[in-house]
Amino acid sequence: LFMITLGFLLLQPRNLTPFIPPEFGTAGILRGATSCFFGYLGFDEISCLAGEAKNPQKNLPKGILYTLMLVTVLYIMAAITLTGMQPYSTISEVSGFPAAFQYHGWEWASNISAFGEIFTLPIVVLIVFMAQPRLQYALAMDGFLPSWFGELNSRGNLHNGTSFAGVIMILVATFVPFTHLNDMISAAVLVAFCMTNTSLILMWHEPPEDHPNLAMQLMGGFNVAAFAMSVLWTHSNGGFFGQTLVILAGVCGIACVVLLCKWCPQTASFGGSCMAYGGHDGYFHTPFMPITPCLGILVNTYLISQLELEGIAALLFYFCITTLFFVLTKRGSTQSLPYIRSIQELKSHEGREESANGELLLLRSISLPHPSSSSSLKSSA
């Protein structure tokens with residue numbers, strides 16, 4: 001707010017003309033949006049900390065949506081302010097507002113802005129770092145990582161996962177230039193958002209009993225169709241053959257959604273029959289299901305398609321490696337470290353929580369019940 005308010009005082013309308021520089025055009029705007037999409041990484045990180053929130057089924061989605069709307073408005077205002085303060089060709093790539101204030105001779109404002117950037121950067125890093133041990137814990141519980149990542153210390157904290165994530169982040173920050181990570185991080189975030197949208201649809205649309213994988217197969221087809229359509233639309237250069245493939249991919253994507261709605265009807269409650277708390281309706285309801293998440297997938301894949309073909313190839317290679325890792329490391333769904341059992345089984349002791357048999361549980365963990373614990377939950381209910 002400080003930078004936006006002072007920046008508006010220095011705004012010169014002539015710097016906003018042309019509003020879209022001709023050498024970049026609309027494609028340049030989309031390319032820039034893809035490169036800087038990592039700025040939204042912190043919001044999905046918050047969802048990984050649902051176990052630390054009160055009534056996360058409703059409060060967490062609302063908090064993320066309200067924050068996203070507020071921050072998006074601030075981002076837009078900041079971008080207009082910065083491009084209006086000085087010619088776009090002279091804007092600093094590494095320190096926008098401090099350099100812009102220096103451009104007008106406001107050294108004091110430049111120093112305050114620079115201090116704010118330095119002061120808030122560790123906070124951003126902390127938010128990203130906080131979620132990583134929880135992600136590793138969930139992967140370990142599902143058998144995708146060694147159980148070492150899910151072990152808790154005497155105070156109920158993920159000491160192993162936190163130490164491992166910290167060492168990896170330090171090494172990456174020390175030796176890997178940010179320019180090499182920029183596009184890959186943004187593309188990975190967009191892929192993660194596609195997976196989130198897909199998971200949301202799978203939790204609301206239940207396949208028939210005789211085809212238990214039908215919903216996943218249809219959503220997999222939709223994701224492939226959306227990705228192919230976006231890449232072909234962006235890189236086919238308007239050729240007849242490319243446009244034909246775009247139409248074909250679009251028809252396949254629409255067909256997947258129609259068949260999903262027909263053969264996998266929406267469930268009465270979030271999670272359907274796979275939820276141990278069957279019939280519970282205390283979750284946030286996404287409007288216009290499944291259209292809203294499908295549009296989200298389409299937008300995400302279109303932003304990914306703004307990368308160069310080399311970057312897209314690198315992303316596909318990375319995706320293949322992670323898929324291979326998934327296939328080779330899946331140990332099964334039963335682990336010695338249990339998910340949360342039942343509220344009646346928990347007791348608090350010196351800032352930590354234990355199950356009835358003395359096993360340490362993650363502090364205030366309210367993750368979805370693990371399949372292996374479903375019977376325990378139902379019997380306790």
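Coordinates for the structure precede this section.
Since the structure is predicted, the reported quantities are computational estimates derived from the model, not experimental observations.

Things to note about the overall build of the protein chain
- When helices and strands are counted, the protein chain shows 13 helices and 3 strands.
- Across the 381 residues of the protein chain, 34% fall into the buried class.
- Accessible area for the protein chain stands at about 22,200 Å²; split by element, carbon and sulfur atoms hold 70% of it.

A few points about unusual backbone geometry
- In this structure, the amide linkage connecting Thr17 to the following residue, Pro18, adopts the cis form with an omega of -5°.
- With respect to the helices and strands, Pro18 occurs in the loop between helix H1 (2-9) and helix H2 (25-35).
- Geometrically, the link from Met289 to Pro290 is a cis peptide bond, its omega value of -5° lying close to zero.
- Mapped onto the elements, Pro290 comes out in the loop between helix H10 (240-263) and helix H11 (291-304).

Here's the deal with the environment of Tyr75
- Mapping Tyr75 onto the fold places it in helix H4 (residues 56-85).
- A relative accessible area of 40% places Tyr75 in the partly exposed class.
- Tyr75 sits 71 residues away from Ile4 along the chain, and the two C-alpha atoms are 9.7 Å apart.

Here we look at helix H5 (residues 96-103)
- Taken together, the buried positions of H5 are Gly96, Phe97, Pro98, Ala100 and Phe101.
- Buried residues along H5 sit in contact with H1, H4 and helix H6 (107-141).

A look at the packing of H4 against H5
- The geometry of H4 relative to H5 is characterised by a closest axis approach of 10 Å and an angle of 35° between their N-to-C directions. For H4 against H5, the interelement crossing comes out left-handed. Counted together, Ala78, Thr81, Leu82 and Met85 of H4 and Gly96, Phe97, Ala100, Phe101 and Tyr103 of H5 form the full contact between these two elements.
- Across the contact of H4 with H5, the residue classes break down as 7 nonpolar, 2 polar and no charged.

Observations regarding the side chain of Thr301
- By secondary structure assignment, the location of Thr301 is in helix H11.
- The class of Thr301 is buried, set by a relative accessible area of 3%.
- Only 2.9 Å separates the side chain of Thr301 from the backbone oxygen of Leu298, close enough to count as a polar contact.
- When near neighbours in sequence (up to four residues on either side) are disregarded, Thr301 contacts Cys194, Ala226, Phe227 and Ser230.

As for a nonpolar patch on the surface
- A cluster of nonpolar side chains, contributed by Trp148, Phe164, Val167, Ile168, Leu171, Val172, Phe175 and Val176, occupies part of the molecular surface with about 720 Å² of accessible area.
- Within the element layout of this structure, Val172 appears in helix H7 (residues 159-175).

A short note on the state of the cysteines
- Scanning the model with the defined rule gives 0 disulfides in all.
- Looking at Cys294, it has no disulfide partner, and the nearest cysteine sulfur is the one in Cys261, 7.7 Å off.

Quick notes on the nonpolar core
- With 18 residues, the main nonpolar core has Ile201, Met219, Phe222, Leu260, Cys264, Cys294 and Ile297 as its most contacted residues.
- Broken down by secondary-structure element, the contributors of at least two residues to this core are helix H8 (178-204), helix H9 (214-235), H10 and H11.
- Non-local contacts of Leu260, meaning those with residues more than four positions away in its chain, are made with Ile201, His205, Ala215, Leu218, Met219, Pro265 and Pro290.
- Counting 11 residues, the second largest nonpolar core, distinct from the first, contains Ile4, Met85, Phe101 and Ala109.

Let's talk about the packing of aromatic side chains
- Scanning all chains against the criterion turns up 7 aromatic pairs.
- Ring centres of Trp148 and Phe149 lie 5.1 Å apart, and the angle between their planes is 85°; this geometry places the pair in the edge-to-face category.
- Given a relative accessible area of 39%, Trp148 falls into the partly exposed group.
- By way of ring pairs, the aromatic residues Phe2, Trp106 and Trp108 are connected into one cluster.

Reading guide: rules and limits
Residues numbered from 1 in each chain as written. Predicted model: local features only at pLDDT ≥ 70, side-chain atom pairs only at ≥ 80, totals over all residues. Heavy atoms only, no water. Helix = DSSP H or I, 4+ residues; strand = E, 2+ residues; numbered from the N terminus. Buried < 20%, exposed > 50% of the residue type's maximum accessible area, 1.4 Å probe, protein only. Areas by Shrake-Rupley, 256 points an atom, 1.4 Å probe, with all protein chains shown as cover. Contact = heavy atoms within 4.5 Å. Axes fitted to C-alpha atoms, helices over the stretch in contact; angles between N-to-C directions. Left-handed = near helix turned anticlockwise from the far one by under 90°. Nonpolar A, V, L, I, M, F, W, Y, C, P; charged D, E, K, R; others polar. Polar contact = N/O pair within 3.5 Å; in protein donor to acceptor, adjacent residues only side chain to side chain. Patch = residues over 30% accessible without salt bridge, like charges linked within 9 Å, V, L, I, M, F, W, Y side chains within 5 Å. Salt bridge = Lys/Arg side-chain N within 4 Å of Asp/Glu carboxyl O. Disulfide = S-S within 2.5 Å. Core = buried A, V, L, I, M, F, W, Y, C linked by side-chain atoms within 4.5 Å. Phe/Tyr/Trp six-rings, centres within 6.5 Å; stacked < 30°, edge-to-face > 60°.

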